[in-house]
Amino acid sequence: MKAGLAVRRWCGCRDLALAACVVLGAPPAIDDAAAAAPEWKPDKSIELIATNAPGGGSDRILRIFVKILGNYVPTPVSVVNKPGGGGSVAYNYVNQHPGDGHFLVMGSRAILTNHIAGHGPSYTTLTPVLHLFKEYISVTVKPVSPIRTGKDLVNFIKRDPTAVSFGIATSVGGPNHQGAAVALKAAGIDIKKMKNVIFPSGGAATTAMLGGHIDVVPISVAFGASLLRNKQVRMIAVTSPTRLPGVLADVPTWKEQGSDVEVSTWRIFVGPKGMTPAQIAYWEQVVQRATQADEWKKELAENFWQHRFMSHAETLKFLALDHEDAKAFLTEIGLAR
């Protein structure tokens, strides 16, 4: 297997294998017992918890989604920011409310990579409720940066791995870090020598870059596109297999620039440990209805999000498979513990 294909396998999510996989050591899936469980619905305010500070990826998504979700639930919904620890602060917070279906975290692939790297809880200690969508990563620089393309970045790093600083939200080994690191690795660069600075959110990393403190920031394509529209950044690469439409149509993929890689992350809702079948079934039904709203479909298109709703049971299978891929990548670069 050539290096590019290996990287793509580690960072991609093998949806086609979901039906055939067997989950070992994961929380039990909800089965037909859910149908017989007492009906549950929220009876107090709902907290949707962002793993980063205002302006970060999960924060931006939740503030969009809460406006739509409010049409489908009987109680108020608010966004609560719990940044820190690459998401571990948010997950520890939600687990302080065991069995309470009024608390959900907007999780990402970082829940896998952080735990594999030795910090942050395992998803098996929480309740993964459902999978919402996946998205790609963009690599951005200041408009005046001498780094004009992904090839330029590779060449700069080849000359001196410490010459370029990267602003990473929210941890090394996570999806944003991988958005740049896998391409450099495919080019033969020792990515352990990358000069990484960790930030609590993509917004904080971008602010540092625009202030001249950081050279490169890999962030979600949705956030990158919003900055590109305002001409605040230059986007030098995207991690999708083919070019993305709209404002990103002129941004080349890593593959076009000689690095045969693809990186995607995903967004899931995670609840506290001990959620009941009825609570899980409620959120599956309500969120699935909300994702059919025209307003949400418009947001999917505008933010380049790839719709992929999965139930609780499907999400558990998905996470078990993607955990294998994430562990293989992190082991290869020496970050797995």
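Engineer: Would you mind showing me how to read the overall build of the chain here?
Structural biologist: Secondary structure summary: the chain contains 12 helices and 10 strands in total. In the chain, which comprises 337 residues, the share counted as buried stands at 57%. Partitioning the contacts of the chain with sequence separation of at least 6, the portion at a separation of at least 24 is 80%. Carbon and sulfur atoms form 52% of the exposed surface of the chain, whose accessible area is close to 13,600 Å².

Engineer: Just to check I follow, could you spell out the nonpolar core for this structure?
Structural biologist: Nonpolar side chains in soluble globular proteins tend to be buried together. Formed by 34 residues in total, the largest nonpolar core has its most connected members in Phe269, Trp283 and Trp296. Elements with a contribution of two residues or more to this core: β1 (46-50), α3 (57-69), β3 (103-108), β4 (127-141), α10 (277-291) and α11 (294-303). Among all residues touching Trp283, those that are not within four sequence positions of it are Trp40, Pro42, Ile46, Leu69, Val73, Gly101, Leu104, Val129, Leu130, Met275 and Gln288. Ranked by size, the runner-up nonpolar core spans 29 residues in total, among them Ile137, Ala183, Val216 and Val261.

Engineer: What is the right way to look at the packing of α3 against α11 in this model?
Structural biologist: Relative orientation and spacing of two packed helices are given, respectively, by the angle between their axes and the distance between those axes. Interaxial distance between α3 and α11 falls to 10 Å at its minimum, and their mutual angle equals 160°. Relative to α11, the element α3 is oriented roughly antiparallel. As for the relative orientation of α3 and α11, their crossing is right-handed in sense. Facing Arg60, Ile64, Phe65 and Ile68 of α3, the residues of α11 in contact are Glu295, Trp296, Glu299 and Asn303. Looking at the contact of α3 with α11 residue by residue, the class counts come to four nonpolar, one polar and three charged.

Engineer: Mind showing me how you'd approach helix α7 (residues 175-186) here?
Structural biologist: Residue pairs three or four apart in sequence face the same way in an α-helix, which turns once every 3.6 residues. Between its terminal C-alpha atoms α7 stretches 16 Å, which fits the 16 Å expected from 12 residues at 1.5 Å a residue. Taking burial as the measure, the 12 residues of α7 include 10 buried ones, the bulk of the element. Two residues or fewer past α7, Gly188 is found with a positive phi of approximately 90°.

Engineer: Sorry if this is basic, but what is going on with the pattern of salt bridges here?
Structural biologist: Two side chains bearing opposite charge may form a pair once their charged atoms approach each other closely. Following the criterion strictly, the structure yields six salt bridges and no others. One salt bridge connects Glu332 with Lys185, and the closest N-O pair in it is separated by 3.8 Å. One end of the pair, Glu332, is in helix α12 (residues 312-332); the other, Lys185, is in helix α7, and 147 residues separate them in sequence. Here Glu332 falls in the partly exposed class, since its relative accessible area comes to 45%. Where Glu256 meets Arg243, a salt bridge forms, and the shortest distance between an N and an O atom there is 2.9 Å. Pair noted here: Glu256 is in the loop between β8 (234-238) and β9 (264-271) and Arg243 is in the loop between β8 and β9, with a separation of 13 residues, a long-range link. According to the relative accessible area criterion, Arg243 is partly exposed, its value standing at 38%.

Engineer: Teacher, can you tell me more about unusual backbone geometry here?
Structural biologist: For residues that are not glycine, phi is negative in most cases, and the peptide bond is trans in most cases. Along the chain, Ala169 connects to Thr170 via a cis peptide bond; the corresponding omega equals 5°. Topologically, Thr170 is positioned in the loop between β5 (165-169) and α7. If you check the backbone angles, Lys231 has positive phi at about 60° while not being a glycine. Following the sequence through the fold, Lys231 ends up in the loop between α9 (221-229) and β8. Residues other than glycine seldom take positive phi values, yet Phe304 does so here, at roughly 60°. Turning to its location among the elements, Phe304 is positioned in the loop between α11 and β10 (306-310).

Engineer: Honestly, empty space enclosed by the protein in this entry has me stumped. Any pointers?
Structural biologist: Which parts of space are left empty comes out when a probe the size of a water molecule is rolled across the atoms. Here the structure, examined in full by the defined rule, presents three cavities of 30 Å³ or more. Reported here for the largest cavity is a volume of approximately 310 Å³. For the lining of the largest cavity, the elements supplying multiple residues, two or more each, are α3, β3, β4, α7, β7 (217-220) and β9. Of all the elements, β3 adds the most residues to the lining of the largest cavity, at three residues. Of the residues belonging to the lining of the largest cavity, the class tally is eight nonpolar, 16 polar and two charged. A volume near 40 Å³ is recorded for the second largest cavity.

Reading the values: the criteria
Residues numbered from 1 in each chain as written. Predicted model: local features only at pLDDT ≥ 70, side-chain atom pairs only at ≥ 80, totals over all residues. Heavy atoms only, no water. Helix = DSSP H or I, 4+ residues; strand = E, 2+ residues; numbered from the N terminus. Buried < 20%, exposed > 50% of the residue type's maximum accessible area, 1.4 Å probe, protein only. Contact = heavy atoms within 4.5 Å. Areas by Shrake-Rupley, 256 points an atom, 1.4 Å probe, with all protein chains shown as cover. Core = buried A, V, L, I, M, F, W, Y, C linked by side-chain atoms within 4.5 Å. Axes fitted to C-alpha atoms, helices over the stretch in contact; angles between N-to-C directions. Parallel < 35°, antiparallel > 145°, perpendicular 65-115°, else oblique. Left-handed = near helix turned anticlockwise from the far one by under 90°. Nonpolar A, V, L, I, M, F, W, Y, C, P; charged D, E, K, R; others polar. Expected span 1.5 Å × (residues − 1). Salt bridge = Lys/Arg side-chain N within 4 Å of Asp/Glu carboxyl O. 1 Å grid on protein atoms, 1.4 Å probe; cavity = no way out; pocket = protein on both sides within 12 Å on 5 of 7 lines; lining within 4 Å. Points joined across faces, edges and corners; volume = space filled by probe spheres on them.

In short, geometric facts, not functional conclusions.
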